[in-house]
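# Descriptive structure summary
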Amino acid sequence: MPLKQRIRTVLSFPPRRWTDMLVIGAIAMRVELALRGGGVDRAARLGHLRLGLTGSSAPRATYTPESLSARDIEKLDTAWRLLRHGPFNGTCLRRAIVGGYLLRRHSPVLRIGVAKSGGTIEAHAWVEVDGVSLDPEGSDRYLVLSEPWRIS
């Protein structure tokens, strides 16, 4: 998207979304520092996420208005838009942790899964809220990592 169009898009947002962009930018920087300094566990704690390494994921479903408010969805949309652009590293892990932070009052769970595709191993991270995956690709395509001491 050309810069001129990006600027028009941002200017068309209500002021609360401008504030959201500043807050999300600060959160994204803190998440990046936590990932580099302490790994996934530290970043998940920073985002108020429980790291769900149980070996199973939640089914995908659509949210009802009682689960996520319109404001929650608006904040997630702002985060996903912002994290797609530099200087942010908008990988699925970073998006999941930032998104989980924005939804922290819903007690989100961070899932990390793997899949084998064409002879290579792929990894993916997503967030689950109220037993429902926010990322339909994650819960359907990837197997959730398990903590080694819980495998019997």
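Residues numbered from 1 in each chain as written. Predicted model: local features only at pLDDT ≥ 70, side-chain atom pairs only at ≥ 80, totals over all residues. Heavy atoms only, no water.

### Details of the confidence of the model for the protein
Per-residue confidence for the protein gives a mean pLDDT of 80, with 84% of residues at or over 70. Per-residue pLDDT, averaged within each element of the protein, yields its smallest value for helix α5 (residues 136–141) (68) and its largest for helix α4 (residues 92–102) (91). With pLDDT under 50 throughout, residues 148–152 is counted as low confidence; its partners more than four residues away or in other chains account for 3 contacts. (pLDDT = per-residue confidence, 0-100. Helix = DSSP H or I, 4+ residues; strand = E, 2+ residues; numbered from the N terminus. Contact = heavy atoms within 4.5 Å.)

### Section: the pattern of salt bridges
Considering all chains together, one arrives at 10 salt bridges under this definition. Among the salt bridges present, the one from Glu74 reaches Arg16, with a minimum N-O distance of 2.8 Å. Of the two residues, Glu74 sits in helix α3 (residues 70–83) while Arg16 sits in helix α2 (residues 15–46), which places them 58 residues apart along the sequence. The exposure class assigned to Arg16 is partly exposed, which follows from its relative accessible area of 43%. (Salt bridge = Lys/Arg side-chain N within 4 Å of Asp/Glu carboxyl O. Buried < 20%, exposed > 50% of the residue type's maximum accessible area, 1.4 Å probe, protein only.)

### Topic: α3
Its 14 residues place the ends of α3 20 Å apart at the C-alpha level, agreeing with the 20 Å of an ideal helix rising 1.5 Å per residue. Considered for burial, the residues of α3 that qualify are Asp72, Glu74, Leu76, Thr78, Ala79, Leu82 and Leu83. Turning to α3, the residues buried within the fold contact α2 and α4. (Expected span 1.5 Å × (residues − 1).)

### Thoughts on a nonpolar patch on the surface
Taken together, Leu3, Ile7, Val10, Leu11 and Trp18 make up a surface patch of nonpolar side chains, about 480 Å² in accessible area. Here the nonpolar patch gets 4 residues from one element, more than from any other, and that element is helix α1 (residues 3–12). Residue placement: Val10 occurs in helix α1. A relative accessible area of 32% means that Val10 is categorised as partly exposed. (Patch = residues over 30% accessible without salt bridge, like charges linked within 9 Å, V, L, I, M, F, W, Y side chains within 5 Å. Areas by Shrake-Rupley, 256 points an atom, 1.4 Å probe, with all protein chains shown as cover.)

### Things to note about the environment of Arg105
Topologically, Arg105 is positioned in the loop between α4 and β2 (109–117). Residue Arg105 is classed as exposed on the basis of its relative accessible area of 59%. The spatial distance from the C-alpha of Arg105 to the C-alpha of His48 is 8.9 Å, given a sequence separation of 57 residues. Once residues within four sequence positions are removed from consideration, Arg105 is found in contact with Ser69 and Asp72. Within the local environment of Arg105, its side chain forms a polar contact with the side chain of Asp72, the two groups lying 2.9 Å apart. (Polar contact = N/O pair within 3.5 Å; in protein donor to acceptor, adjacent residues only side chain to side chain.)

### Let's talk about the pairing of strand β3 (residues 120–129)
Regular strands show a simple pattern: their side chains alternate between the two faces of the sheet. Of the pairings in the sheet, the one linking β2 to β3 comprises 9 bridges and is antiparallel in character. Looking across to β3, one finds that Lys116 is bridged to Ile121. Remark: 2 residues form the turn of the hairpin made by β2 and β3, two consecutive strands paired antiparallel; Gly118 in that turn has positive phi of roughly 60°. Sheet analysis places β3 next to strand β4 (residues 132–133), joined by 2 bridges and oriented antiparallel. Within β4, the position partnered with Glu128 by the bridge is Ser133. (Pairing = 2+ DSSP bridges.)

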